[in-house]
Amino acid sequence: MINISAQNTVIVGTYTNSEKCDSGGIHIFDFDEDTYEYKLNYQTENVINPSFVSLSPDKKFLFSVNENGDKSTITSFSIDEPKGTLTKIDERKTQGEDPCFLISDEKNVIVANYSGGSINVYKRLDDGKLSEVSQTIKFEGKGFKKERQDKSHIHQVQFSPDQKYVLATDLGLDKIYVFKYHSDKEQTLEKVDEFEAKKGSGPRHLVFDKSGKLIYLVQELSGDLSVLSFNDGKIELVQEETLISRKVHFKFRAADIHLSDDEQFAYVTNRDDADDITTFRVLKNGRVEKIQQIKTTGKNPRNFAISPNNKLVLIANQDTNKINIFARDKKTGILTTTKKSIPVCSPVNVIFYEKGK
């Protein structure tokens, strides 16, 4: 019998349309950071493609996207912390196809619709239920690379640390949109600026540093990590570094990015022929230097999470149906495979939920 002593829970969002395995949707594991032991505590049933999930700030609710073309929805769940289970409390249709990212606070849930090229805002009620869409912002145009940039593809929405702004990445049009955030107003998002990335770069995911003055952006199509400054809603390019170690007959799709808690290191996953994770040291001026590139020992690494004790990195390898566990040296930032993993069908998004916090 597995004895799970650490008070940590891992929540995994998946695709449920895999032909090679079965996934009921969202998986919840008890997980010990010290021993790597895990126990599947709960699994939803018949939740369609909950590929990305978001915890409410008070951790009472979990919100998920449900990627399903023009039938796409988002779902809200209440969390029973003692039992480690979810109860579905609401589901709302999106005004845009294939939602792929969402964020939430006490007032709103904001959703990025990839195929729809749009952003939806839902008002969040105290009981975790959702309004119908209260605001939709749709983007038009075409990008540089016809096969991937035929139209707008919103890939992420993200709060600034002070919650005054919401940023949205547009993979299709090579832009980052900047919105002032009015949490209590019907028109919640007010566009104030946009940043034009390099043509054909495909902005995908970004993360702020804690000061809110620097942004680290991964660009899916060019395989770049961009360092950006952010001041009063204005974005400027500081540095651009490649993830790519070779370019001849080499397919790649950069995926996810996170900073270590001490902000001394940045980590970026890359898929296809790469299937790796790159470690960058963050210098005192915010610029980065590459210090390691290591295979994720799985195919199609999507999102990943750094553990609360900062000693592990859990990487969701979608096509090999495993979350692979890497040890992390807190001083050097270097990753080492533990050869341990958590089996999950078609995992995409992994987050930690710390019980009692």
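Residues numbered from 1 in each chain as written. Predicted model: local features only at pLDDT ≥ 70, side-chain atom pairs only at ≥ 80, totals over all residues. Heavy atoms only, no water.

Attention now goes to the state of the cysteines. Throughout the structure, instances matching the rule amount to 1 disulfide. At a sulfur-sulfur separation of 2.0 Å, the disulfide partner of C21 is C345. One disulfide, between C21 and C345, carries an S-S torsion of 80 degrees and so falls in the right-handed class. A residue pair is termed long-range when its members are at least 10 positions apart, and C21 in the loop between β1 (8-14) and β2 (27-31) and C345 in the loop between β27 (335-343) and β28 (347-354) qualify at 324 residues. There is no disulfide at C100, and the cysteine sulfur nearest it, in C345, is 20 Å away. (Disulfide = S-S within 2.5 Å. Helix = DSSP H or I, 4+ residues; strand = E, 2+ residues; numbered from the N terminus.)

Right, let's talk about the packing of aromatic side chains for a bit. Per the stated rule, a full pass over the model turns up 9 aromatic pairs. Where F29 meets Y38, the ring centres are 6.1 Å apart and the plane angle is 80 degrees; that geometry is what we call edge-to-face. Residue F29 is classed as buried on the basis of its relative accessible area, which comes to 3%. Here a set of aromatic residues connected by ring pairs shows up, and it is made of F139, Y177 and F179. (Phe/Tyr/Trp six-rings, centres within 6.5 Å; stacked < 30°, edge-to-face > 60°. Buried < 20%, exposed > 50% of the residue type's maximum accessible area, 1.4 Å probe, protein only.)

If you trace the backbone, S201 turns up in the loop between β15 (189-196) and β16 (203-208). Of the polar contacts made by the side chain of S201, one reaches the backbone oxygen of K198; its length is 2.6 Å. Beyond its immediate chain neighbours, meaning those up to four positions away, S201 contacts D174, Q219, E220, L221 and S222. (Polar contact = N/O pair within 3.5 Å; in protein donor to acceptor, adjacent residues only side chain to side chain. Contact = heavy atoms within 4.5 Å.)

Our next topic: the pattern of salt bridges. Applying the stated criterion across every chain, the model contains 15 salt bridges. For K234, the salt bridge goes to D193, with nearest N and O atoms at 3.3 Å. With K234 in strand β19 (residues 234-242) and D193 in strand β15, this residue pair connects regions lying 41 residues apart in the sequence. Two residues, R271 and E220, come together in a salt bridge whose shortest N-O distance is 3.4 Å. Residue R271 is located in the loop between β21 (265-270) and β22 (276-282), and its partner E220 is located in the loop between β17 (214-219) and β18 (224-231); the two are separated by 51 residues in the primary sequence. Each member of the pair, R271 together with E220, is buried. (Salt bridge = Lys/Arg side-chain N within 4 Å of Asp/Glu carboxyl O.)

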